[in-house]
Amino acid sequence: MTSSLVSGAVVARVTPAIDDLVVTAREVIQRGLPPELTAHLVGELIVPLLGTPDLLTAEQCEGHPDRYRQHVLHAETDGSFSIVALVWLPGQRTTIHDHVSWCVTGVHQGQESERRYRLMTDGRTSRLIPTEDVTNPTGAIAAFAPPGDIHRVRNACATKAISIHVYGADISRLGTSIRRTYRDPEGEQ
Ligand SMILES: [Fe+2]
């Protein structure tokens, strides 16, 4: 995907709806509010866009046969936020992971299944405990900020799933929003 430098921001070729989201999200993020509140407020901007037909280009809806696919839609040059579309074909999933920054996700198409975990430690060893299974249908929003943000996401449906993610970091530079990955708990596939 081509990109260019416009008004101090690295932008992909995006739809007017994403262009508008960049402007409104920037205004919220520049307030310098706490991460959880920032994620919540940016989530309110995403909700009305989810499921609308002109949010993404056809290319930004394309998946990859081997793994879920990330399309970087926008990365603010000061590193303060990025907007990404993730495309999941049926059965695709992430590792168990946490994140480099606050994040808000919204399901644009299909449905995503999420398992959340807590890392328990006795001072010598640690293990993951599943705490919650959540199903996120089209239109659902999830906002979070580290720590306590360990999860795995999968597309358990028979159709493609697409979600919009806004991160408080420069994903175009980092390549990923994942801070670290965790081994699967025993017995979990
Ligand atoms: Fe995640």
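Basis of the calculations
- Residues numbered from 1 in each chain as written.
- Predicted model: local features only at pLDDT ≥ 70, side-chain atom pairs only at ≥ 80, totals over all residues.
- Heavy atoms only, no water.
- Helix = DSSP H or I, 4+ residues; strand = E, 2+ residues; numbered from the N terminus.
- Expected span 1.5 Å × (residues − 1).
- Buried < 20%, exposed > 50% of the residue type's maximum accessible area, 1.4 Å probe, protein only.
- Arc of directions from axis to C-beta.
- Pairing = 2+ DSSP bridges.
- Axes fitted to C-alpha atoms, helices over the stretch in contact; angles between N-to-C directions.
- Parallel < 35°, antiparallel > 145°, perpendicular 65-115°, else oblique.
- Left-handed = near helix turned anticlockwise from the far one by under 90°.
- Contact = heavy atoms within 4.5 Å.
- Donors = N, O, S within 2.8 Å, 3.2 Å for Na, K, Ca; no water.
- pLDDT = per-residue confidence, 0-100.

K.L.:
Could you give me a rundown of helix H1 (residues 16–29), with the residues and numbers involved?
P.N.:
Under the 1.5 Å per step criterion, the end-to-end length of H1 is 20 Å for 14 residues, consistent within 8% with the ideal 20 Å. Those residues of H1 not exposed but buried are Ala17, Ile18, Leu21, Val22, Ala25, Val28 and Ile29. The buried residues of H1 all sit within an arc of 145° when viewed along its axis, so they share a single face. Facing away from the buried surface of H1 by more than 90 degrees, the exposed residues are Pro16, Asp20 and Val23.

K.L.:
Please provide a residue-by-residue account of the pairing of strand S9 (residues 141–144), values included.
P.N.:
Regular strands have side chains that alternate between both faces of the sheet. Side-chain alternation along S9 places Ala142 and Phe144 on a buried face and Ile141 and Ala143 on a face that remains uncovered. Here strand S6 (residues 103–109) pairs with S9 via four bridges, running antiparallel. The residue bridging Val104 from the neighbouring strand is Ala143, located in S9.

K.L.:
Outline unusual backbone geometry, supporting the account with residue identities and numerical values.
P.N.:
Here the amide bond leading from Pro146 into Pro147 is cis, since omega sits at 0°, within 30 degrees of zero. Along the chain, Pro147 turns up in the loop between S9 and strand S10 (150–154).

K.L.:
Run through the packing of H1 against helix H2 (residues 35–46), naming residues and quoting values.
P.N.:
Put simply, H1 and H2 touch, their axes get as near as 10 Å, and they point 160° apart. Relative to H2, H1 is oriented roughly antiparallel. Where H1 crosses over H2, the handedness of that crossing is right-handed. Across from Leu21, Thr24, Ala25, Val28 and Ile29 in H1, the residues of H2 making contact are Thr38, Leu41, Val42, Leu45 and Ile46.

K.L.:
I'd like a description of the coordination of the iron ion, backed by residues and values.
P.N.:
On the protein side, the iron ion has His97 (NE2), His99 (NE2) and His151 (NE2) as donor atoms, found 2.1 Å from it. Motif for the iron ion, donor spacing along one chain: H-x1-H-x51-H. Within this pair, whereas His97 is found in strand S5 (residues 96–99), its partner His151 is found in strand S10, the two being separated by 54 residues in sequence. As far as the burial class goes, His97 and His151 line up, both buried.

K.L.:
Outline the environment of Ala161, listing residues and values.
P.N.:
Mapped onto the elements, Ala161 comes out in strand S11 (residues 161–167). For Ala161, a relative accessible area of 0% gives the class buried. The sequence separation of Ala161 and Pro137 amounts to 24 residues, and the corresponding C-alpha distance is 9.4 Å. Not counting chain neighbours up to four residues away, the residues in contact with Ala161 comprise Leu86, Val87, Trp88, Gln109, Gly110, Gln111, Glu112 and Asn155.

K.L.:
Just give me the short version of H2, but keep the residues and values in it.
P.N.:
Across its 12 residues, H2 extends 17 Å between first and last C-alpha, which sits within 8% of the 16 Å expected from 1.5 Å per residue. Along its buried surface, H2 packs onto H1, S6, S9 and S11.

K.L.:
Can you lay out the confidence of the model for the protein for me, pointing to particular residues and giving the numbers?
P.N.:
Residues with a pLDDT of 70 or more make up 93% of the protein, whose mean pLDDT is 90. Below a pLDDT of 50 lies the segment residues 1–8, which in the model reaches 19 contacts outside its immediate sequence neighbourhood of four places, other chains included.

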